[in-house]
Amino acid sequence: MNWADFKRDANLIGGEWVGADGGGTIDVTNPATGEVIGTVPNAGTDETRRAIAAAEKAFETFSRTTADERAKLLRRLHAAIMDNQRALAELLTIEQGKPLAESMGEVGASAAYVLWFSEEARRVYGDVIPSPWGERRILVTKQAVGVVAAITPWNFPSSMAARKIGPALATGCTSVMKPATQTPYSGLAWGVLCEQAGYPKGVVNILTGSASAIGGEMTSNPTVRKITFTGSTPIGKMLIKQAADTVKRVSMELGGNAPFLVFDDADLDKAVEGAIASKYRNSGQTCVCANRFYAQAGIYDAFVEKLAAASAKLKVGPGLEEGVVQGPLIDDKAVAKTASFVADALAKGGRLVTGGKRHDLGGQFFEPTVIADATSEMNFAREEIFGPVAPVFRFETEEEAVRLANDTEFGLACYFYTRDLARAFRVSENLRYGQVGINAGVITTEVAPFGGVKESGIGREGSKYGIEEYLDVKYVCVGGL
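Criteria and cut-off values
Residue positions are given per chain, counting from 1 as you read along its sequence in written order. Local features are withheld for residues below a pLDDT of 70 in this predicted model, meaning they are given only at 70 or higher, and side-chain atom pairs are given and counted only at 80 or more; totals for whole chains, interfaces and linings count all residues. Processing note: side-chain calculations cover all non-hydrogen atoms of the structure and skip hydrogens and water entirely. Here the nonpolar core consists of buried residues drawn from Ala, Val, Leu, Ile, Met, Phe, Trp, Tyr and Cys, with membership extended through side-chain atoms lying within 4.5 Å. Each residue is placed in one exposure class: buried if its accessible area under a 1.4 Å probe, protein chains only, is under 20% of its type's maximum, exposed if it is over 50%, and partly exposed if it falls in between. Under the DSSP-based scheme used, a helix requires at least four consecutive residues in state H or I and a strand at least two consecutive residues in state E, with every element numbered from the N terminus. In this analysis, two residues are considered to be in contact whenever any of their non-hydrogen atoms come within 4.5 Å of each other. UniProt positions are given in the numbering used here, feature names are shortened, and annotations may be inferred rather than shown by experiment. Strand pairing requires that DSSP identify at least two bridges connecting the strands. The axes are straight lines fitted to the C-alpha atoms, using for helices just the contacting stretch, and the angles between their N-to-C directions are given from 0 to 180°. For every domain, the bounds stem from an assignment made automatically or drawn from a database. Two parts placed together each lose some accessible area under a 1.4 Å probe, and the buried area is that loss summed for both. Salt bridges are counted wherever a side-chain nitrogen of Lys or Arg sits within 4 Å of a carboxyl oxygen of Asp or Glu. Two N or O atoms count as a polar contact when they lie within 3.5 Å, although within protein this holds only if one can serve as hydrogen donor and the other as acceptor, and sequence-adjacent residues are included solely when both atoms are side-chain atoms.

**Overview of the nonpolar core**
Line of reasoning, step 1. The biggest cluster of nonpolar side chains holds 47 residues, and the ones touching the most others in it are Phe6, Leu77, Ile81, Leu169, Trp190 and Tyr199.
Line of reasoning, step 2. By residue number, the principal contributor to this core is helix H7 (residues 184–197), which donates 8 residues.
Line of reasoning, step 3. What tryptophan 190 contacts, discounting residues up to four positions off in sequence, is Leu77, Ile81, Ser110, Val114, Ser158, Ala161, Ala162, Ile165, Met177 and Ile206.
Line of reasoning, step 4. Among the nonpolar cores identified, the runner-up in size contains 32 residues, and Leu261, Phe380, Val389 and Cys414 belong to it.

Encoded structure:
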């Protein structure tokens, strides 16, 4: 199959591909060209209610399948993804903009999550607890929570779906997923893939359209027993409040403000390599990418120089073009926001070392940018950039670095470089983040728990911890023995 075979201009509800009730559509554009590549349904409350009902009906039988049956279906889904990795990656690049190599990696990661949860499906263990009563036995079992509502973002439209659909399918849950309107096709492609793998109708339902209408029904409908969301902290807070009325379980992977610390004793070349990988992946549009660089005084100038030189060499262009390592930003609003961070920093004494403006290619392309002499008064010290801007702050001591790194309401991911073993333990234990990379700039993997603390979220995705988010614990006391 080619990418066009996965491009569905319809929603999947109860096993049927349908349009919006009122016929409304939303244009989907290629951020590299501005070209409209298709339209998807502008669905709302009624369509969401039907999708939830379809998921509820499918749950009656799907939740009773064996772990072995669910594992086999997931392995078929994994095979379908990998058999079509190139086509799915091209579709992702066309609608999202990231370089094809990154899209190939994301689709591969999606498959890895599916395979991981196919294996974890068979390892949902319970307990037999020694009873305090001689004539009773205490059993603990785990069961699927029920219908899951999943809301996925535009920056990783395939792998974020995998993190939510994978464990849901592994545990026997059914789902209703809403992909982002900027990148709906990679989400709708999961419907095609699930059909290929042989999933029953209604197990996976996919809707595009009004975020407020679809999200409002997801959070208010009592049939939905879990909300899983990846996106901004303000939207996450709103969903948590809405879900409280029906006491739904929530998993929230929210915003970040990742610090990247470079100590005097670090391997500078390795630190720059990690910085480039962390900062400019997906044009800086990731919740775990380095947002604030802190370099110790002794190596500050050398680090800035090496980082700027490496940043200036990055090839910017359309994601399908050979050798491109940074694509466009998602839309004009993102370009304007990125430019505003640069303007704010320069107005407050920042020093532009490289980049700093819209790329000569025009459109939504922005130059890889390094700003030296960054200070805590600049907006990016507090706010998530979500663009290819690397501000570099200076620090003197380890204690100062940790204090500055922790000085944020976010706590998703952080990174630091050092060759001092004792410092590695001290700093990692004192950083208040859900994920810490030591001498590594990209650390995400399906086998490790992904998630944050503070206002960066609730719960974990991936790993053995991720499947627990989709299970209820049931205590059974057997008497009369």
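**Here's the deal with the UniProt feature "active site" (unreviewed entry) in the protein**
Line of reasoning, step 1. Feature annotation in UniProt places "active site" (unreviewed entry) on Glu253, given in this structure's numbering.
Line of reasoning, step 2. Locating glutamate 253 in the fold gives a position in strand S11 (residues 249–253).
Line of reasoning, step 3. Contact partners of glutamate 253, with chain neighbours within four places excluded, come to Met160, Arg163, Phe229, Thr230, Gly231, Cys287, Leu412, Phe450, Ser456 and Glu461.

**Some points on the sheet that holds strand S12 (residues 258–262)**
Line of reasoning, step 1. Spatially, 7 strands are ordered S14-S15-S16-S13-S12-S17-S18 in an open sheet, and the strand pairing comes out mixed. Edge strands, defined here as strands with exactly one partner in the open sheet, are strand S14 (351–354) and strand S18 (435–438). Taking the axes of each pair of neighbouring strands and ignoring which way they run, one obtains an average angle of 25° across the sheet.
Line of reasoning, step 2. When strand S17 (residues 413–417) meets S18, the two strands line up parallel, connected through 4 bridges. Pairing of cysteine 414 across the sheet is with valine 436, part of S18.
Line of reasoning, step 3. Contacts between helix H10 (residues 268–280) and the sheet are confined to S12, strand S13 (290–296), strand S15 (369–374), strand S16 (389–395) and S17, with S12 contributing the most and set at about 170° to the helix.
Line of reasoning, step 4. Helix H12 (residues 332–347) contacts S14, S15 and S16 of the sheet and is inclined by roughly 30° relative to S15.

**Some details on the UniProt feature "domain: Aldehyde dehydrogenase" (unreviewed entry) in the protein**
Line of reasoning, step 1. Taking the UniProt record as the reference, the feature "domain: Aldehyde dehydrogenase" (unreviewed entry) is found at residues 17–476.
Line of reasoning, step 2. Annotated as 40% helix and 21% strand, the span residues 17–476 places its first and last C-alpha atoms 42 Å apart.

**Looking at the domain arrangement of the protein**
Line of reasoning, step 1. Here the domain parsing of the protein yields domain 1 (3–254 + 456–477) and domain 2 (259–438).
Line of reasoning, step 2. Taking only C-alpha atoms into account, the centre of domain 1 sits 31 Å from that of domain 2.
Line of reasoning, step 3. Each partner contributes residues to the interface: domain 1 has 22 residues there, and domain 2 has 24 residues.
Line of reasoning, step 4. A combined buried area of about 1,700 Å² lies between domain 1 and domain 2, and 62% of that area is made up of carbon and sulfur atoms.
Line of reasoning, step 5. Looking only at domain 1, the three residues that lose the most surface to domain 2 are Pro31, Trp154 and Ser456, adding up to 28% of its buried area.
Line of reasoning, step 6. Inspection of the domain 1/domain 2 interface yields 0 salt bridges.
Line of reasoning, step 7. Summed over the shared surface of domain 1 and domain 2, the result is 8 residue pairs in polar contact (both at pLDDT 80 or more).
Line of reasoning, step 8. For the side of domain 1 that touches domain 2, the secondary-structure elements that each account for two or more residues are helix H4 (85–96) and helix H5 (100–120).
Line of reasoning, step 9. Sort the elements by how many residues they give to the side of domain 1 that touches domain 2 and H4 lands first, with 5 residues.

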